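Residues per chain are reported as follows:
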Amino acid sequence: MRKGIFDGLKVCDFMWAAAGPITTKQLSDNGATVVKVESVKHPDSIRLGGPFIDNKPGINRSGFFADFHSSKLGMAVDMSHADRLEIIRPLVEWADVVAESFRPGIMQKWGLGYEDLRKMNPNIIMLSSSLHGADGPWAKHPGYGAQGAALAGIQHMTGWPDRPPATPKGAYSDSVSPRYALAALMAALIHREKTGQGQHVELAQIEATVQLVAPQLLELQLTGHETQRSGNRKSGAIQHGVYPCSGEERWIVIECETEAQWQALCAVLDAGDRLVQARHAGQDALDKALSDITAPHDAFALSRKLQDAGVPAAVAYKGSDLLDDPILEAREHFWPLHHEEMGTLKYNGPAYRFEKTPTTLRSASPRLGEHSEQVMRDILGFSTGEIEAFRARGLLS
Amino acid sequence: MSDGKAALAGMRVIEISSLSGAVCGRALADLGAEVIKLEPEGGEPARRDLPLVPVEGGEESAAWIVYNLGKASVTADLSTDAGLATFRSLARSADIVVTDFNRMDIDKMDQLAALAFAENPAVVWTEILPFGRGHRFERLPATDTTLQALGGHLYQNGDVDRPPVRIGLPVGLLQAGAEASNAALMAYYHALRTSEGQRVDISVQECVTWTLLNTTMAWQILELNELRGGAIRKERANQFFTRLVWPCQDGYVVFGPVGGGGGSARVKSYDALLRWMAEDGITDDILTSRDWNGDGQFFIPQEDYDAVTEVIKGFIEAKTLAELTTRAVEERILMAPINSLGDILENPQHAARDYFRLLQDPARGLSVKLPTNWVHMSETPVAPPRPAPTPGGQTAKYLNEKTETESAT
């Protein structure tokens, strides 16, 4: 089998929650040796976020945590111990990249700020990701991606105009910032490859996410018009909406941007007169007519018919639909991986494919401290006696 | 310290795009690559994407201006031999080519990719497609909204008594563009070390699926299909509905006071909230009737949750956004205002971090602030924004380069 792009790359990974681990997952799934360092006393908080296997909370039972930690090694260190650097320093000396997503100030408190790291390893690349950024008046204000989505304008753009803003699924900014963080980290790795120079790469989840509303921010400044959430309306479309189908919570998206698509829609639904009349009466009437017409249909069959006729249409997939989706299956999106406590689960693979250097999800997420001994012995070269001594002093789980 | 050199200095990118390819190219340009757009005579269609904004001499797409800062433009008709010759000549010196499905179909991509690899085996060919490559669905028609649906995100947004709603932005295409930037750079990193180029494809559907975070695990583990909930939803696979959007005097905040996991930050946040409520004389017993963020936090009975949040809701409703935000930042309460677009422009945190930079674009008559400083790199900082190109603005420059190369060989 071909090696991954990052075969040989060494990463000391202090990332936690979602955005950070999703970023370093791209490194581990592409061949890097990623050692996730967790604090014994304060493990990654999403280990405590569901869904839990058998619906029983437990430190090694979270599917939420699992999905972001394929192919990684896990070690658990008492980061509050005064002698923590006896373990962490050699790890930093070994690493090409140190990645962290703590509240600004935590790494410095541990003696692991960028200047400290540089003394240990002059060419190190440090990646720091936080919600608000490393400085500024809000730097230490806590929050997750839900707060990020609110601050970055995603929530403002989601929902019905006559209702409070709806909450977009997921900690939305956690899904945006890994893409930008990885681009910047890659740029730093490329720069180091060419010049030998490391650096500190620091970014804020919210700043990455505001990139998505940058056009609206330009429009507001030039015209004074502030775009508002508008349900499923879309400027410029002849028709654009989400309509009920038969069955429980079954919905279909239909979108007509061109007259040809509109004609095809009328033909497939065999309701030309009614739809033309409704179109003249306005978008509300059109949505109502379409809802009446689609309601008895099977969403999957109707969406196939419309697609075949050249009309953009799709079933609004539920979670279960994703796991049954023939497209994702053909794409080999899901990777079944076995975990000692959780059994075999399908992990999400990446959104990209490399023709010549395939991505491989090599192992399930690590249990807390699962690879502590392996890392200490095989990577850092400590003897069994030394490892036992660390354990006896309470440094290592 | 930094000598101001960009991280991707010396990298050349050819971009043949609509929206998503442009987002990719913009990230690469910000990081220092020389990005050359190949456009048809008069400019690519995306220059007219809505919303349009007034510029010197007419109107232009806001998204186009924003996502094409700092690039060059060469016009070439890729349906002609002359246009293809221009492409080949640029591909010879390119490190990355990026394109997307709204700009060209798969057959055209294959034609250009073959030409690029023939000229330059080390090039990274990057293509953004609705469902990626290499299977029988690769030509299925799609739009951003159908992809928000097929990625599983749309189903989970909105109020339960109405149809699901999309995020009112082309988030699938935008996220895929950002993803393409990092995937292209990963492949370039490989090419840099091995001289081996390759094709990289990005699936918009998979990008959307990656915005869900725990949905596919929730189904596998609990057979739970998470449902949309508007302001109130089952957060993090909770078994009960939690309120996430809270009205206040002059707007809304996002807040998760109790239940659902959040670690010590949520415990401290709740303690800080109770101190503040006590200052206002609100000390209802229910607030401390159980350890709301301790054991059992995932299994709070709905009626208990509703009872405690009723008290908290009353407290928040009486406050202004400014009061809530100030106190939340001071006391580390897990609360944030739901910002309007105008609020984003005024956010003091952005100002303190020099996030917005001034774009001076005299040709368009623009002097505006844009959120371009999205990453702080200690040795290779992001350059200040430079205007987006006019159609074919740099054609002469690059055609001369082509002529010089040909005469040299």
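Here, every reference points to the structure presented above.
Throughout, a residue's number is its position along its own chain's written sequence, starting from 1. Labels are handed out in written order, letters beginning with A for the chains and numbers beginning with 1 for the ligands. Selection of residues for local features in this predicted model requires a pLDDT of at least 70, selection of side-chain atom pairs for listing and counting requires 80 or more, and totals for whole chains, interfaces and linings are taken over all residues. Excluding hydrogens and water, the side-chain values take into account all heavy atoms of the structure.

Moving on: the interface of chain B and chain A. Taken together, the 146 residues of chain B in the interface contact 153 residues of chain A. Taking both partners together, chain B and chain A bury about 13,600 Å²; carbon and sulfur atoms supply 64% of that area. Ranking the residues of chain B by area buried against chain A places Trp210(B), Leu213(B) and Leu341(B) at the top, with a combined share of 7%. Of the charged contacts, one joins Arg353(B) and Glu207(A) as a salt bridge, the two residues approaching to 2.7 Å between their closest N and O atoms. Side-chain atoms alone can form a polar contact between residues adjacent in sequence; in general such a contact is a pair of N or O atoms within 3.5 Å, and within protein one must be able to donate a hydrogen while the other accepts it. Remark: the boundary between chain B and chain A carries 64 residue pairs in polar contact (both at pLDDT 80 or more). Here a strand is any run of E in DSSP of at least two residues, a helix any run of H or I of at least four, and the numbering for each starts at the N terminus. Here the element with the most residues in the side of chain B that touches chain A is helix H6 (residues 171-194) of chain B; it accounts for 16 residues. Residues are grouped as follows: Ala, Val, Leu, Ile, Met, Phe, Trp, Tyr, Cys and Pro are nonpolar; Asp, Glu, Lys and Arg are charged; every other residue, Gly included, is polar. Tallied by class, the residues present in the side of chain B that touches chain A amount to 82 nonpolar, 43 polar and 21 charged. In this structure, strand S6 (residues 199-204) of chain A lies alongside strand S16 (residues 376-377) of chain B, joined through two bridges in antiparallel fashion. The contact criterion used throughout is that any non-hydrogen atoms of two residues lie within 4.5 Å. By buried area we mean the combined loss of accessible area, with a 1.4 Å probe, across both parts when two parts are placed together. Salt bridges are counted wherever a side-chain nitrogen of Lys or Arg sits within 4 Å of a carboxyl oxygen of Asp or Glu. Note on pairing: two strands pair once DSSP finds at least 2 bridges between them.

To continue, consider the sheet that holds strand S12 (residues 251-255) of chain B. Residues and elements named next belong to chain B. Strand order in the open sheet formed by three strands is S11-S12-S13, with antiparallel pairing between adjacent strands. Unpaired on one side and paired on the other, strand S11 (245-248) and strand S13 (335-337) mark the two borders of the sheet. On average, adjacent strands in this sheet sit at an angle of 35° to one another, irrespective of strand direction. Relative to S11, helix H10 (residues 302-317) is tilted by about 40°, and along the sheet it contacts S11, S12 and S13. Axes, fitted as lines to C-alpha atoms, cover a helix only where it is in contact. Angles between the N-to-C directions of the axes lie from 0 to 180 degrees.

Quick look at the sheet that holds strand S3 (residues 73-77) of chain A now. A sheet is described by the order of its strands in space; here seven strands give the open sequence S3(A)-S2(A)-S1(A)-S4(A)-S5(A)-S6(A)-S16(B), paired in mixed fashion. At either end of the open sheet lies a strand with only one pairing partner, and these are S3 of chain A together with S16 of chain B. Strand contacts of helix H16 (residues 372-379) of chain A: strand S2 (33-39) and S3 of chain A, with the helix running at about 100° to S3(A), the strand carrying the most contacts.

Within the secondary structure layout, Asn373(B) lies in the loop between strand S15 (366-370) and S16. In this view, Asn373(B) contacts Glu207(A), Arg353(B), Asp354(B), Tyr355(B), Arg357(B) and Val382(B); residues no more than four positions away in its chain are not counted.

We now examine the state of the cysteines. The rule for a disulfide is simple: a pair of cysteine sulfur atoms within 2.5 Å. With the rule as written, the count across this model stands at zero disulfides over all chains. Cys245(A) forms no disulfide, and the closest cysteine sulfur to it belongs to Cys256(A), at a distance of 15 Å.

Another point: the pattern of salt bridges. Per the stated rule, a full pass over the model turns up 62 salt bridges over all chains. Note that Arg199(B) and Glu127(B) form a salt bridge whose closest N and O atoms lie 2.9 Å from each other. A residue pair is termed long-range when its members are at least 10 positions apart, and Arg199(B) in strand S8 (residues 198-203) and Glu127(B) in strand S7 (residues 124-129) qualify at 72 residues. Side by side, Arg199(B) and Glu127(B) carry an identical accessibility label, which is buried. Among the salt bridges present, the one from Glu279(B) reaches Arg327(B), with a minimum N-O distance of 2.8 Å. Taken together, the residues span a long stretch of sequence, with Glu279(B) in helix H9 (residues 263-279) and Arg327(B) in helix H11 (residues 321-331) at a distance of 48 residues. Residue classification places Arg327(B) among the buried positions, given a relative accessible area of 13%. One salt-bridge network, held together by shared partners, links Glu373(A), Arg377(A), Asp378(A), Glu388(A) and Arg391(A). Each residue gets one of three labels from its accessible area relative to the maximum for its type: buried under 20%, exposed over 50%, partly exposed in between, using a 1.4 Å probe on protein chains only.

Take empty space enclosed by the protein next. Cavity means a closed set of points on a 1 Å grid over the protein atoms alone, one where a 1.4 Å probe fits but cannot get out, pocket means an open set with protein on both sides within 12 Å along at least 5 of 7 lines, and lining means a residue has an atom within 4 Å of a point. Grid points are joined across faces, edges and corners, and a volume is the space filled by probe spheres set on the points. Across all of its chains, the model carries nine cavities of 30 Å³ or more by this definition. Its volume calculated, the largest cavity comes out at about 110 Å³. Of all the elements in the fold, those that place two or more residues in the lining of the largest cavity are helix H1 (19-28) and helix H7 (172-195) of chain A together with H6 of chain B. The dominant element in the lining of the largest cavity, judged by the number of residues it contributes, is H7(A), at five residues. Its residues assigned to classes, the lining of the largest cavity comprises six nonpolar, four polar and three charged. Considering only enclosed or pocket space, the second largest cavity measures out at about 80 Å³ in volume. Around the second largest cavity sit Ala29(B), Asp30(B), Leu69(B), Gly70(B), Thr372(B), Ala383(B), Pro384(B), Pro385(B) and Arg386(B), which together line it. Class assignment for the residues of the lining of the second largest cavity results in five nonpolar, two polar and two charged.

Residues and elements named next belong to chain B. Two elements in contact, H9 and H11, have axes separated by 10 Å at closest approach and are oriented at 130°. It follows from the interaxial angle that H9 and H11 lie oblique. The two elements H9 and H11 cross, and the hand of that crossing is right-handed. Note on element contacts: H11 touches H9 through Glu 323, Leu 324, Arg 327 and Glu 331, opposite Ala 272, Arg 275, Trp 276 and Glu 279. Residue composition of the contact of H9 with H11, by class: three nonpolar, no polar and five charged. Should an angle fall under 35 degrees it is called roughly parallel, over 145 degrees roughly antiparallel, and 65 to 115 degrees roughly perpendicular, with every other angle called oblique. Note on convention: near helix rotated counterclockwise from far helix by under a right angle means a left-handed crossing. Clockwise means right-handed.

Residues and elements named next belong to chain A. Relative to the elements of secondary structure, Ala 149 occurs in helix H6 (residues 145-151). When the C-alpha atoms of Ala 149 and Arg 47 are compared, they prove to be 22 Å apart, with 102 residues separating the residues in sequence. Leaving out residues up to four positions away in the same chain, Ala 149 has contacts with Ile 154, Gln 155, Pro 168, Tyr 172 and Ser 173.

With respect to the secondary-structure elements, Phe354(A) resides in strand S12 (residues 352-354). Residue Phe354(A) is classed as buried on the basis of its relative accessible area of 5%. Linking Phe354(A) and Thr384(A), residues 30 residues apart in sequence, is a C-alpha distance of 40 Å. Setting aside chain neighbours within four positions, we find Phe354(A) in contact with Ile5(A), Asn30(A), Thr359(A), Ala183(B), Met186(B), Ala187(B), Gln198(B), Arg199(B) and Val200(B).

Moving on, we come to unusual backbone geometry. For the bond from Gly50(A) to Pro51(A), the omega torsion is 5°, close enough to zero to count as cis. Within the secondary structure, Pro51(A) sits in the loop between S2 and helix H2 (63-67). With an omega of -5°, the peptide bond between Leu50(B) and Pro51(B) qualifies as cis. Along the chain, the position of Pro51(B) falls in the loop between strand S2 (34-39) and strand S3 (52-55). Positive phi values are uncommon outside glycine, yet Glu223(B) reaches one of about 50°.

For the rest of this paragraph, the subject is the packing of aromatic side chains. Stacked, edge-to-face and tilted are the three classes for Phe, Tyr and Trp ring pairs, Trp counted by its six-membered ring, which pair at centre distances within 6.5 Å; planes under 30 degrees apart are stacked, over 60 edge-to-face, the rest tilted. Per the stated rule, a full pass over the model turns up 14 aromatic pairs over all chains. Judged by centre distance (6.4 Å) and plane angle (55°), the ring pair of Phe14(A) and Phe102(A) falls under tilted. Here Phe14(A) is found in strand S1 (residues 10-14), whereas its partner Phe102(A) is found in the loop between strand S4 (97-100) and helix H4 (106-109), with 88 residues between them in sequence. With a centroid separation of 5.1 Å and 85° between ring planes, the pair formed by Trp276(B) and Phe315(B) is classed as edge-to-face. Taken as a pair, Trp276(B) in helix H9 and Phe315(B) in helix H10 lie far apart in primary sequence, 39 residues in all. Here the aromatic cluster, defined as three or more aromatic residues joined through ring pairs, consists of Phe14(A), Phe102(A) and Trp110(A).

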